[in-house]
Amino acid sequence: MKNFWAILVVLLFCSSANASSIEATTIDQSKVIAIVKKAENYIKKYGKEKAIIEFRKNSSDIFMADYDGVFFVSPLHPELIGHSQLNYKDNSGAFVVQEEINKAKAGGGWLKGRWRENPQTGKYQCRKIYILPVTENYFIGSWYHYSSDKPGVCES
């Protein structure tokens with residue numbers, strides 16, 4: 001009977017930890033979608049050129065690129081602005097900008113998480129990106145970082 005209670009406590013703890021993790025992910029995803037929708041509304045109200053200036057100056061979490069892979073806004077990599085990254089491969093060999101473009105052309109949504117350095121902490125974590133097409137020739141996006149049970153492996 002003692003083992004039963006010990007196992008029950010462990011199961012309850014694990015399930016509440018998983019629920020907490022799922023809840024945090026949902027909050028992060030909701031926050032990212034809200035950021036992207038706010039950026040989209042800004043673009044609709046003020047136009048692309050004014051949005052580019054505003055996002056470069058005041059946003060640390062919106063990027064904007066065209067379907068040729070040229071970035072207009074890139075807070076994590078400002079050196080990419082104005083240059084095509086169409087053939088850029090990450091450490092895993094994935095053409096990440098092409099994946100972003102394909103997601104935008106398909107109507108937008110979430111891209112699979114990838115192991116990346118979090119510039120705020122300097123540590124490697126998983127990063128998940130949300131893409132939203134704005135017009136037929138450019139898109140915006142944002143992201144969030146999350147921890148993984150297996151370093152270097154992003155399940156979702």
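If you're wondering where the values come from, they're calculated on a predicted model, not measured in any experiment.

Broken down by element type, the protein carries three helices and five strands. Shown N-terminal to C-terminal, the secondary structure of the protein runs as helices and strands in the order α-α-β-β-α-β-β-β. The proportion of buried residues among the 156 residues of the protein is 35%. Looking at the protein alone, contacts between residues at least 24 apart form 45% of all its contacts between residues at least 6 apart. Accessible area of the protein: about 9800 Å², with a carbon and sulfur share of 55%.

What follows deals with helix α2 (residues 48-58). Regarding α2, the residues found buried are A51, I52 and F55. Seen from one end, α2 has its buried residues packed into an arc of 105°, which puts them on one side. When the buried face of α2 is taken as reference, the exposed residues oriented beyond 90 degrees from it are E49, I53, K57 and N58.

Now for the environment of L132. With respect to the secondary-structure elements, L132 resides in strand β4 (residues 124-133). Considering only alpha carbons, one finds L132 and K103, 29 residues apart in sequence, at a separation of 8.2 Å. Apart from residues no more than four positions distant in its own chain, L132 is found in contact with V36, K37, E40, F139 and I140.

Using the criterion set out here, one finds one disulfide in the structure. Here C126 is linked by a disulfide to C154, with a sulfur-sulfur distance of 2.1 Å. The sign of the S-S torsion, about -100°, decides the handedness of the disulfide formed by C126 and C154: left-handed. On the criterion of sequence distance, the pair formed by C126 in strand β4 and C154 in the segment after β5 (138-146) is long-range, its members being 28 residues apart. Across the pair, C154 and C126 agree in class, each one buried.

Reading the values: rules and limits
Residues numbered from 1 in each chain as written. Predicted model: local features only at pLDDT ≥ 70, side-chain atom pairs only at ≥ 80, totals over all residues. Heavy atoms only, no water. Helix = DSSP H or I, 4+ residues; strand = E, 2+ residues; numbered from the N terminus. Buried < 20%, exposed > 50% of the residue type's maximum accessible area, 1.4 Å probe, protein only. Contact = heavy atoms within 4.5 Å. Areas by Shrake-Rupley, 256 points an atom, 1.4 Å probe, with all protein chains shown as cover. Arc of directions from axis to C-beta. Disulfide = S-S within 2.5 Å.

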